[in-house]
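Here is what each chain is made of, one letter per residue.
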Amino acid sequence: MQIKKIVRLLGNYLDRGKKRGKEDLDTIDDLLKRLEGRRDQLRHKLLQEKRVCKQKRLKAELKIVEMKLKKGRKRRQTFK
């Protein structure tokens, strides 16, 4: 009895990982849209900034946002 219950619960747990709904895709799309806005904002600030130390910080933030965008797009493609 106990082993059957464990197998059933494990099966349910594994099935939940396979199911991806429209909500997940909408969440990823929303996140990508916000990241793109942040990327554009950082690029604009970088063009306007005169100080080298702030330019370095903005470049680092911009690289982070671009990496997150790349990762999000890749994850979006796997869910399709």
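About the thresholds
- One numbering rule holds for all chains: residues counted from 1, following each sequence as written.
- At least 70 in pLDDT is required for a residue's local features to be given in this predicted model, at least 80 for side-chain atom pairs to be given and counted, and no such filter applies to totals for whole chains, interfaces and linings, which use all residues.
- Calculated side-chain values reflect all of the structure's heavy atoms, with hydrogen atoms and water omitted.
- Patch building starts from residues that exceed 30% relative accessible area and form no salt bridge, then joins like charges within 9 Å and nonpolar side chains (Val, Leu, Ile, Met, Phe, Trp, Tyr) within 5 Å.
- For the area figures, the Shrake-Rupley method with a 1.4 Å probe applies, and any residue is considered shielded solely by the protein chains shown.
- For this analysis, a salt bridge means a side-chain nitrogen from Lys or Arg found within 4 Å of a carboxyl oxygen belonging to Asp or Glu.
- Put simply, DSSP H or I for four residues or longer makes a helix, DSSP E for two residues or longer makes a strand, and each gets a number counted from the N terminus.
- Only protein chains enter the area calculation, which uses a 1.4 Å probe; residues under 20% of their type maximum are buried, those over 50% are exposed, and those in between are partly exposed.
- Only heavy atoms enter the contact rule, under which two residues are in contact if any of them lie within 4.5 Å.
- Among buried residues, the Ala, Val, Leu, Ile, Met, Phe, Trp, Tyr and Cys ones that are joined through side-chain atoms within 4.5 Å form a nonpolar core.
- A helix is expected to span 1.5 Å for every residue after the first.

Caption draft 1: How the structure looks around a nonpolar patch on the surface. A surface patch of nonpolar side chains, about 340 Å² in accessible area, is lined by Leu-10, Tyr-13 and Leu-14. Mapped onto the fold, Leu-14 is located in helix H1 (residues 2-18).

Caption draft 2: Spotlight on the side chain of Arg-39. Inspection of the secondary structure puts Arg-39 in helix H2 (residues 22-48). Judged by its relative accessible area of 16%, Arg-39 falls in the buried class. When residues no more than four places from it in sequence are discounted, the contact partners of Arg-39 are Leu-62, Val-65, Glu-66, Leu-69 and Arg-73.

Caption draft 3: Seen up close, the nonpolar core. Formed by Ile-28, Leu-32, Leu-35, Leu-42, Leu-46, Leu-58, Leu-62, Val-65 and Leu-69, the largest nonpolar core amounts to nine residues. Looking at this core, the elements that each hand over two or more residues are H2 and helix H3 (52-79). Here this core gets five residues from one element, more than from any other, and that element is H2. Here Leu-32 is in contact with Leu-69, Gly-72, Arg-73 and Arg-76, once residues within four sequence places are set aside.

Caption draft 4: Examining H3 more closely. Counted at 1.5 Å a residue, the expected span for H3 with its 28 residues is 40 Å, and the 41 Å between its end C-alpha atoms agrees. For H3, the complete set of buried residues consists of Leu-58, Leu-62, Val-65, Leu-69, Gly-72 and Arg-76.

Caption draft 5: Geometry of the side chain of Arg-76. With respect to the helices and strands, Arg-76 occurs in helix H3. Given a relative accessible area of 18%, Arg-76 falls into the buried group. Those residues in contact with Arg-76 that sit more than four places away from it in its chain are Leu-25, Ile-28, Asp-29 and Leu-32.

Caption draft 6: The arrangement of the pattern of salt bridges in detail. Overall, the coordinates contain seven salt bridges when judged by the stated rule. Between Arg-73 and Glu-36 there is a salt bridge, with the nearest N and O atoms lying 3.3 Å from each other. Of this pair, Arg-73 sits in helix H3 while Glu-36 sits in helix H2; the two residues are 37 residues apart in sequence, bridging distant segments of the chain. What makes Arg-73 partly exposed here is its relative accessible area of 39%. Across the salt bridge formed by Glu-61 and Arg-38, the nearest N and O atoms sit 2.9 Å from each other. Placement of the pair is Glu-61 in helix H3 and Arg-38 in helix H2, with a sequence separation of 23 residues. With relative accessibility at 23%, the residue Glu-61 sits in the partly exposed group. Among the residues examined, Arg-38 registers a relative accessible area of 30% and is labelled partly exposed.

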